Amino acid sequence: MGESMKTKQQQAYQQLANQSAPPRPVVRNVVCAFIVGGSICLIGQLFWSFLMSRGISPKQTAAMVSGFIALLGAVLTAIGVYDELGRFGGMGAALPVSGFANSIVSAALEFKREGMILGMASKMFVIAGPVIVYGLATAFIVSLIQYAIGAVVK
Amino acid sequence: MAYLMAFLIGGALCAVAQAITDLLKLNPALTMVLSVSAGAILSSLSLYGPLVKVASAGATVPLPGFGHVLVQGMLEGATEGGFIGLMAGGLKAASLVLTIAILAGFFLSLFFNPKG
């Protein structure tokens with residue numbers, strides 16, 4: 001919801017809430033994010049090394065590792081573990097693709113009660129949708145520029 | 001060594017995202033969106049590829065890696081099929097993660113209820 005859509009009352013409330021809220025412990029949050037995010041990537045790297053040792057191509061390996069971490073995040077979300085991890089790790093849990101899967105699965109579970117079409121299937125993209133839309137739009141623009149100036153190099 | 005680099009770089013990306021979220025008081029969803037776009041831009045500037053070489057999973061697992069995959073898929077598609085290849089290449093490269101995440105959302109919602 002944009003700022004402009006909020007009523008005066010809501011804005012006043014928001015201001016009051018911001019004033020009285022305790023300052024976020026930034027350093028603690030950053031350290032937690034580092035540990036959680038780094039650990040998830042470490043798990044990914046274990047799978048990465050295993051796949052590479054099996055002679056799988058680097059590109060395929062990268063895709064399979066991301067898929068594996070996404071699946072891990074999805075399952076941990078369903079059994080209620082990932083949201084705890086998110087409370088502790090903040091962006092450390094949200095930034096890896098497991099956090100992307102978490103945003104889909106948690107919304108799917110949450111909105112199941114509103115129906116399987118306009119609830120679960122629709123609302124699962126409440127965060128993943130913007131990520132895909134803006135990611136794709138940015139990727140398209142920069143790729144098109146690079147393609148247009150003939151600078152397609154790997 | 002590969003494990004250490006994956007931990008350090010992956011952790012550092014998350015730490016930077018957390019710092020930006022906290023200091024600019026952003027919604028975490030906005031940070032996720034910005035991260036993918038940032039990854040896409042860095043990728044086209046040939047800055048993200050070297051990071052993947054150094055950190056492997058530490059660079060591909062966080063969301064900027066998703067933007068990187070989209071751009072590299074589009075550029076690869078462009079070399080093979082021009083503009084149409086470019087359009088098709090992005091999601092093709094990202095298809096495994098997207099399919100797993102969406103199918104997981106669907107099937108897990110059949111068997112699990114939200115906790116808490």
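For every chain, the first residue of its written sequence is number 1, and the numbers climb from 1 along that sequence. To label them, take the chains in the order written and letter them from A, then take the ligands in the order written and number them from 1. Selection of residues for local features in this predicted model requires a pLDDT of at least 70, selection of side-chain atom pairs for listing and counting requires 80 or more, and totals for whole chains, interfaces and linings are taken over all residues.

### Observations regarding the overall build of chain A
For chain A, the helix and strand inventory stands at eight helices and zero strands. A helix here means a DSSP run of H or I that spans at least four residues, while a strand means a run of E at least two residues long, and both kinds are numbered starting from the N terminus. Each helix and strand of chain A, ordered N terminal to C terminal, gives the series α-α-α-α-α-α-α-α. Radius of gyration means the value over C-alpha atoms here, while the globule rule gives 2.2 Å times the residue count to the 0.38 power. Scaling as 2.2 N^0.38, a compact globule of 154 residues should have a C-alpha radius of gyration of about 15 Å, whereas chain A reaches 20 Å, well beyond that. Projected onto its principal axes, the C-alpha coordinates of chain A cover approximately 60 × 40 × 40 Å. Note on contacts: each residue gets a C-beta atom placed from the backbone, and two residues are in contact if those atoms are within 7 Å. Long-range pairs, those at least 24 residues apart, make up 61% of the contacts in chain A with a sequence separation of at least 6.

### Some points on the interface of chain A and chain B
Chain A puts 61 residues into the contact, and the matching count from chain B is 60 residues. Among the secondary structure elements, those contributing two or more residues to the side of chain A that touches chain B are α2 (26-53), α3 (58-78), α5 (91-94), α6 (97-110) and α8 (128-148) of chain A. For the side of chain A that touches chain B, the element with the highest residue contribution is α2 of chain A, accounting for 16 residues. In the scheme used here, Gly and all other residues not listed as nonpolar or charged are polar, with Ala, Val, Leu, Ile, Met, Phe, Trp, Tyr, Cys and Pro taken as nonpolar and Asp, Glu, Lys and Arg as charged. Grouping the constituent residues of the side of chain A that touches chain B by class yields 43 nonpolar, 15 polar and three charged.

### Some details on helix α3 (residues 48-55) of chain B
Residues and elements named next belong to chain B. Any residue whose C-beta has 12 or fewer other C-beta atoms within 10 Å is treated as exposed, any with 20 or more as buried, and any in between as partly exposed, C-beta atoms being built from the backbone. All buried positions along α3 are accounted for by Tyr48, Leu51, Val52 and Ala55. Around the axis of α3, the buried residues are gathered within 100° of arc, so they sit on the same side. For α3, the exposed residues set more than 90 degrees away from the buried face come down to Pro50 and Lys53. Against α1 (2-23), α2 (28-44), α4 (57-60) and α5 (63-111) lie the buried residues of α3. Two residues or fewer after α3 comes Ser56, characterised by a positive phi angle close to 45°. Read the arc as the range of directions from the helix axis to the C-beta atoms.

### Comments concerning the packing of α2 of chain B against α5 of chain B
Residue and element names in this part refer to chain B. Orientation of α2 relative to α5, taken along the N-to-C sense of each, is 45°, at an axis distance of 7 Å. Relative to α5, the element α2 is oriented oblique. Handedness of the α2/α5 crossing: right-handed. Touching Met32, Ser35, Val36, Ser37, Ala38, Gly39, Ala40, Leu42, Ser43 and Ser44 of α2 are Leu63, Pro64, Gly65, Phe66, Gly67, His68, Leu70, Val71 and Gln72, all from α5. Of the residues contributing to the contact of α2 with α5, the split by class is ten nonpolar, nine polar and no charged. Comment: axis = line fitted to C-alpha atoms, over the contacting stretch for helices; angle = value between 0 and 180 degrees taken between N-to-C directions. Roughly parallel means an angle under 35 degrees; roughly antiparallel, over 145; roughly perpendicular, 65 to 115; everything else is oblique. When the near helix sits turned anticlockwise from the far one by under a right angle, the crossing is termed left-handed; a clockwise turn instead gives a right-handed crossing.

### Overview of α2 of chain A
Counting along an α-helix, one turn takes 3.6 residues, and residues three or four places apart therefore face a common direction. With 28 residues, α2 of chain A ought to run about 40 Å at 1.5 Å a step, and its terminal C-alpha atoms sit 40 Å apart, in line with that. Downstream of α2 of chain A by a residue or two, Gly55 of chain A has a phi angle that is positive, lying close to 80°. Multiplying 1.5 Å by the residue count of a helix minus one yields the expected span of that helix.

### With respect to the confidence of the model for chain B
The predicted coordinates should not be examined in detail at positions where pLDDT is low. What pLDDT reports is the predictor's confidence in each residue, on a scale of 0 through 100. Overall, the predicted model of chain B reaches an average pLDDT of 96, with 99% of residues at or above 70. The complex model carries a pTM of 0.89, and its ipTM stands at 0.96.

### A few points about the environment of Ile43 of chain A
All names here are of chain A. Here Ile43 shows up in helix α2. Here Ile43 falls in the buried class, since 22 other C-beta atoms lie within 10 Å of it. In this structure, the C-alpha to C-alpha distance between Ile43 and Phe68, residues 25 residues apart in sequence, is 9.8 Å.

### Observations regarding the packing of α2 of chain A against helix α4 (residues 82-89) of chain A
Residues and elements named next belong to chain A. Packing of α2 against α4 leaves a shortest axis separation of 8 Å and a crossing angle of 140°. Between α2 and α4, the angle falls in the class oblique. Together, Cys32, Ala33, Val36 and Gly37 of α2 and Leu85, Phe88 and Gly89 of α4 make up the contact between the two elements. Residues of the contact of α2 with α4, tallied by class, amount to five nonpolar, two polar and no charged.

### Some points on unusual backbone geometry
Residues and elements named next belong to chain B. If you check the backbone angles, Ser46 has positive phi at about 60° while not being a glycine. Following the sequence through the fold, Ser46 ends up in the loop between α2 and α3. Ser46 sits in the exposed class, given 12 other C-beta atoms within 10 Å. Positive phi values are uncommon outside glycine, yet Ser56 reaches one of about 45°.

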